[in-house]
Protein chains: 2
Amino acid sequence: MKIIKNPLILSKCSKNLKLKGKSIGFVPTMGALHEGHLSLIRKAREENDVVVVSIFVNPAQFGPKEDLRKYPRPLKADLSLCKSAGVDYVFSPGVNDMFGESFSTYIDVKTLSGVFCGKSRPGHFRGVATIVAKLFNIIRPDTAYFGQKDAQQAIIIKRMAGDLNFPVKIKVMPIVRQEDGLALSSRNVYLKSRERKSALVLHKSLKLAELLIGNGAVNVSVIIDRMRRLILKDKAARIDYIAIVDPKNLEPLKKISGRCLIILAVWIGKTRLIDNGMADA
Amino acid sequence: MKIIKNPLILSKCSKNLKLKGKSIGFVPTMGALHEGHLSLIRKAREENDVVVVSIFVNPAQFGPKEDLRKYPRPLKADLSLCKSAGVDYVFSPGVNDMFGESFSTYIDVKTLSGVFCGKSRPGHFRGVATIVAKLFNIIRPDTAYFGQKDAQQAIIIKRMAGDLNFPVKIKVMPIVRQEDGLALSSRNVYLKSRERKSALVLHKSLKLAELLIGNGAVNVSVIIDRMRRLILKDKAARIDYIAIVDPKNLEPLKKISGRCLIILAVWIGKTRLIDNGMADA
């Protein structure tokens, strides 16, 4: 496994790999790897000649009051997980390698980026779209793998890749959960033990919605109200948003007919968690 | 010479060419080709295995009151010029091929895009940066060729390509002029015969500035004032902007020391023309 910090060196490597006709699978991460990331890496390993994982805590996707500084960076453990999973290249640039002094180019995916997580985190998806485009250009993957946990991100990246004609196939892999239902997230380490229990309300409220929809409920405001009441029983929980939307374009639904995406963000103490689920009317 | 309208088909062609190790030279145009474009195409022909020219009047870079509809589209003549110049592929997509109904991704090069031509034409450089990124992803050129006539555009494209790590070398080729000094532009066809004479004030004022700087003038406001007076002697001319800037980052200069870029935009009747020149203190 090669560890590369310099974008130009990795760019040369991938140019050579493409010349040799090798397929490249790419998993972008901010490190603090867990089973969710590993499920993406394993899929990439299965489907490609060469696997590249990036580990970069991207400052452009954090707001000024967010957790950029305290975001976990267990690089040594991450590298060892990558090695065990058969990764060929880890790209772990420094901030200056990615954002030089005169950096001034940003990518916006309008309409999809200002809602939900984008409303609570202004500029977040601009930072995400910009770094992913940079990584695509450096690594030139055939396929890039993203987690369904970040549902809005996955939709935005798909739209960006399509709109800008990136020659990259985007694959979105299912959420990986702990046994009790908590979706894996690098931010779960922030949770104190009592909060860890409260955090289950996200998954519980999704299960409730799926049950209601399975039983024929179609009125979105009724379903969201039931979810809201369930979540607010827990005093540690503060709802950022709950929505039921069209999975293709994030348009909020009023009545459910066909496949829908249920998305939510909830503060548990000082930790903001997100989760989502699909349901069919 | 192959003429391709469908981005996916061209994308497959370029993927195959890259696999074979062929170098691709790319000249993006809006058609209405003149000697300026041809100088880029010849350079691309000289330096690459394969030459791709795009002909696409990009609606995203025109303002609502600009000349999108009347912009000249002599496709047949353009194709014949391309063929004579040894072009391998002409990419001439329709608007719907490039901007589908749900299109919503835009690239902004901050700080460079809101000044000079960007101030007079809000959104223009966003449209330019976005279409160029799309074309780079479809064509995957090794080198792309731009004209120095659009000096601000060239600086913005270089910055975008660097910031987003596009694996594309940007080459900027000198302005091509008619014998009397008028810079070639597809918009020169708009000029009535009397306006055609008035249009010479752009080049004359640049020559004046170069002369003054060559003779030791360093005070920018004095030089610009001399240019302004020369231009306004012609009643058909209305100045949009005149500036003397750092050629690397478009920062306006007060005193000239070293290399500078003199840029201007002038309305001649209903036609807005741009021109520029370099000078050394």
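What you see is a predicted model; the values in this text were computed from it and never measured. (Residues numbered from 1 in each chain as written. Chains lettered and ligands numbered in written order. Predicted model: local features only at pLDDT ≥ 70, side-chain atom pairs only at ≥ 80, totals over all residues. Heavy atoms only, no water.)

Chemist: Help me understand the relation of the copies chain A and chain B in this model?
Modeler: The second copy of the chain is related to the first by a rotation about an axis and a shift along the axis. For the pair chain A and chain B, the best superposition has an RMSD of 0.0 Å and corresponds to a rotation of 180° with a translation of 0.0 Å parallel to the axis. Considering both components of the superposition, the chain copies are consistent with a two-fold axis. Relative to the rotation axis, the C-alpha of A:Ile107 is the closest in chain A, positioned 2.3 Å from it. The share of interface residues of chain A whose copies in chain B are also at the interface is 100%, consistent with both copies meeting through the same surface. (Least-squares fit on C-alpha atoms with pLDDT ≥ 70 in both. Contact = heavy atoms within 4.5 Å.)

Chemist: What is the right way to read the sheet that holds strand β8 (residues 237-245) of chain A from this model?
Modeler: Sheet strands line up and pair through hydrogen bonds in the backbone, either parallel or antiparallel. Residue and element names in this part refer to chain A. One open sheet accounts for 3 strands, arranged β8-β9-β10; its pairing is antiparallel. Both outer strands of the open sheet, β8 and β10 (271-280), are each paired with one neighbouring strand and no more. Each neighbouring strand pair of the sheet contributes to a mean axis angle of 15°, computed without reference to strand direction. As paired strands, strand β9 (residues 259-268) and β10 are joined by 10 bridges and run antiparallel to one another. Bridge pairing in β10 places Leu 261 opposite Met 278. Each of β8, β9 and β10 is contacted by helix α9 (residues 200-214), which is oriented at about 20° to β10, the strand it contacts most. Each of β8 and β9 touches helix α10 (residues 220-232); the most contacted strand, β8, lies at about 160° to it. (Pairing = 2+ DSSP bridges. Helix = DSSP H or I, 4+ residues; strand = E, 2+ residues; numbered from the N terminus. Axes fitted to C-alpha atoms, helices over the stretch in contact; angles between N-to-C directions.)

Chemist: What exactly am I supposed to notice about the packing of aromatic side chains here?
Modeler: Under the counting rule described, the total for this entry stands at 14 aromatic pairs over all chains. Centre to centre, the rings of A:Phe136 and A:Phe166 are 5.4 Å apart; their planes meet at 75°, and the pair counts as edge-to-face. Of this pair, A:Phe136 sits in helix α6 (residues 124-139) while A:Phe166 sits in the loop between α7 (151-163) and β7 (169-173), placing them 30 residues apart in sequence. Each member of the pair, A:Phe136 as well as A:Phe166, carries the same accessibility label: buried. Arranged with centres 5.3 Å apart and planes meeting at 45°, the rings of B:Phe116 and B:Tyr241 form a pair that is tilted. (Phe/Tyr/Trp six-rings, centres within 6.5 Å; stacked < 30°, edge-to-face > 60°. Buried < 20%, exposed > 50% of the residue type's maximum accessible area, 1.4 Å probe, protein only.)

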